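Observations on the model geometry
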Amino acid sequence: MTHSLFRPVSAEMVAAKVELRDRLLTRLERQAVRALTLRRRRQYHPSPGVNLVGIGIGEKIVAARPTSELCVKVLVARKYPRGRISRGDRIPASVGGVPVDVEGVGYVRKFQPPNQQRRRPVPGGISGSLAIEAVGFRYAGTLGVIVFDRDHRDVVYALSNNHVLANENRAAVGAGAVQPATLDGGRPTDRVAALDRFVPLRYNNEPNRMDAAIARFDAPADAARVILDIGAPTGAEDPTLNLLVRKSGRTTGVTEGIIRSVQFDVFNVVYEQGTVRMDDVMVIEGVRGSFSRPGDSGSAIVDPQGNVVGLLFAGSDTVTFAIPIRRVLQRLRVSIAT
Amino acid sequence: MEMPVKAQRAKEALVKRLADQPGFVGVGISQNPAGQFEIVVMVVEQTSPVLAKVPPRWQGIPVRTQVGGVPRKF
């Protein structure tokens, strides 16, 4: 009996799918650890316990051509020639008289926005954090822009905030930084840089001028002198009122905003270790919705000419706060890598 | 960043006046569509007690209030 694509799915078809699913599930449960190990290494194996991706009802495809015939559809990471699969590992050609079609689709991974993916070389605007062993918990921030040392031009750093790269003063110089951030799956093997220096934060509304830190790239070739989805920065400039700006950040990607206030002294900013006061910063409002959200800290604020004008560090439900960039570059003795 | 010294000094004086008030977020300088400089006072919410202490003008410069919510590190 054939099952036409143009007729309702029969109870017989559904029963066949459930029967095959339950048979394959026992294989999955037995080989769960092995499957995870191989998938992490991006290796394949014909055993259904490793290879199975999913099972459903769909159109049978033969030699890359649709047949208009319904079948039980089994998706596998890699489709092997029948002769290369041991008898015990073969998926049956039919179940209860219902045909079975096997299709290779690769391993399935959760979708990650571009700014949260692992990238080499590492651009600005990308997810980053300290390694798990340096802080003991997972979190995410943004490696905003690539900078170089004014005294040693071949030394290259990622610029971000103290609270992203120095764990609010608590990290030791030399602590490893990973890309992507640990919250986005960054592992010790994803290390790209080491905390080099930071400006200490003061709490309880003592005045601060910046929340900034730099991590030195282990290999300068691992740094890309661009900001993801914005392009190469052209330099550094002071912010001006009513300036249209953009940023590329770990959480919200590229957004547009307008600098609505400058020389703004902000009080009672909530940090882990207390409230922080930050003097003479800029206030940015989004053009379409929020300009930034948690995880965007460390993003570079860029003007229409490509100049970096600010370093994002905080925000609220309605506005974003950023530090004028020249102050940061001067204090850390670095320049924007163009 | 042309900024009248008068506005900067006025802002700093207003910070001292408001810094301890409940619901105070911060003070800065902005420019309205007509190009006039103004002082902007940000508060946590519409009912923040600090609003009662915000003058409409301060040292000859117009003052605008804005509700900003609770600021936090991002």
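Here's what I pulled together on the structure shown here. (Residues numbered from 1 in each chain as written. Chains lettered and ligands numbered in written order. Predicted model: local features only at pLDDT ≥ 70, side-chain atom pairs only at ≥ 80, totals over all residues. Heavy atoms only, no water.)

All names here are of chain A. Within the fold, K60 resides in strand 1 (residues 52-62). At 4.4 Å, D101 is the nearest oppositely charged side chain to K60, a buried residue that forms no salt bridge. With near-sequence residues (within four places) excluded, K60 lies in contact with R65, P66, T67, E69, C71, P99, V100 and D101. (Helix = DSSP H or I, 4+ residues; strand = E, 2+ residues; numbered from the N terminus. Buried < 20%, exposed > 50% of the residue type's maximum accessible area, 1.4 Å probe, protein only. Lys, Arg positive; Asp, Glu negative; His and termini not counted. Salt bridge = Lys/Arg side-chain N within 4 Å of Asp/Glu carboxyl O. Contact = heavy atoms within 4.5 Å.)

With that out of the way, let us pick up the sheet that holds strand 6 (residues 126-130) of chain A. Residue and element names in this part refer to chain A. Read from one edge to the other, the open sheet built from 8 strands follows the order 7-6-10-11-13-9-8-22, with strand pairing classed as antiparallel. The open sheet has two edge strands with one neighbour each: strand 7 (141-143) and strand 22 (334-336). Strand-to-strand twist of the sheet, defined as the mean angle between neighbouring strand axes without regard to direction, takes the value 45°. In this structure, strand 10 (residues 176-178) lies alongside strand 11 (residues 191-198), joined through 3 bridges in antiparallel fashion. Pairing of G176 across the sheet is with A194, part of strand 11. Most of the contacts of helix 6 (residues 325-332) go to strand 9 (residues 156-160), to which it runs at about 135°, and overall it touches strand 8 (145-149), strand 9, strand 11, strand 13 (213-217) and strand 22. (Pairing = 2+ DSSP bridges. Axes fitted to C-alpha atoms, helices over the stretch in contact; angles between N-to-C directions.)

Here we come to the layout of surface pockets. Residues and elements named next belong to chain A. The space that makes up the second largest pocket amounts to roughly 290 Å³. For the lining of the second largest pocket, the elements supplying multiple residues, two or more each, are helix 3 (48-51) and strand 4 (98-104). In terms of residue count, strand 4 provides more of the lining of the second largest pocket than any other element does, 3 residues in total. Looking at the lining of the second largest pocket residue by residue, the class counts come to 11 nonpolar, 1 polar and 7 charged. (1 Å grid on protein atoms, 1.4 Å probe; cavity = no way out; pocket = protein on both sides within 12 Å on 5 of 7 lines; lining within 4 Å. Points joined across faces, edges and corners; volume = space filled by probe spheres on them. Nonpolar A, V, L, I, M, F, W, Y, C, P; charged D, E, K, R; others polar.)

Looking only at helix 6 of chain A, the buried set comprises A:I325, A:R327, A:V328, A:L329 and A:L332. Looking at the residues trailing helix 6 of chain A, positive phi occurs at A:R333, about 55°.

Turning our eyes to something else, we now look at a nonpolar patch on the surface. On the surface, A:V9, A:V14 and A:I57 cluster together to form a nonpolar patch covering roughly 210 Å² of accessible area. Overall, the relative accessible area of 44% leaves A:V9 in the partly exposed class. (Patch = residues over 30% accessible without salt bridge, like charges linked within 9 Å, V, L, I, M, F, W, Y side chains within 5 Å. Areas by Shrake-Rupley, 256 points an atom, 1.4 Å probe, with all protein chains shown as cover.)

All names here are of chain A. Reading across the sheet, the 4 strands line up as 1-2-4-3 and stay open at both edges, with mixed pairing between neighbours. Both outer strands of the open sheet, strand 1 and strand 3 (94-95), are each paired with one neighbouring strand and no more. Judged from the 5 bridges that link them, strand 2 (residues 65-76) and strand 4 form a sheet pairing that is parallel. Looking across to strand 4, one finds that V72 is bridged to V100. Sheet contacts for helix 1 (residues 11-30): strand 1, strand 2, strand 3 and strand 4; angle to strand 1, the most-contacted strand, approximately 140°.

Interpretation in functional terms is not warranted from these geometric data alone.
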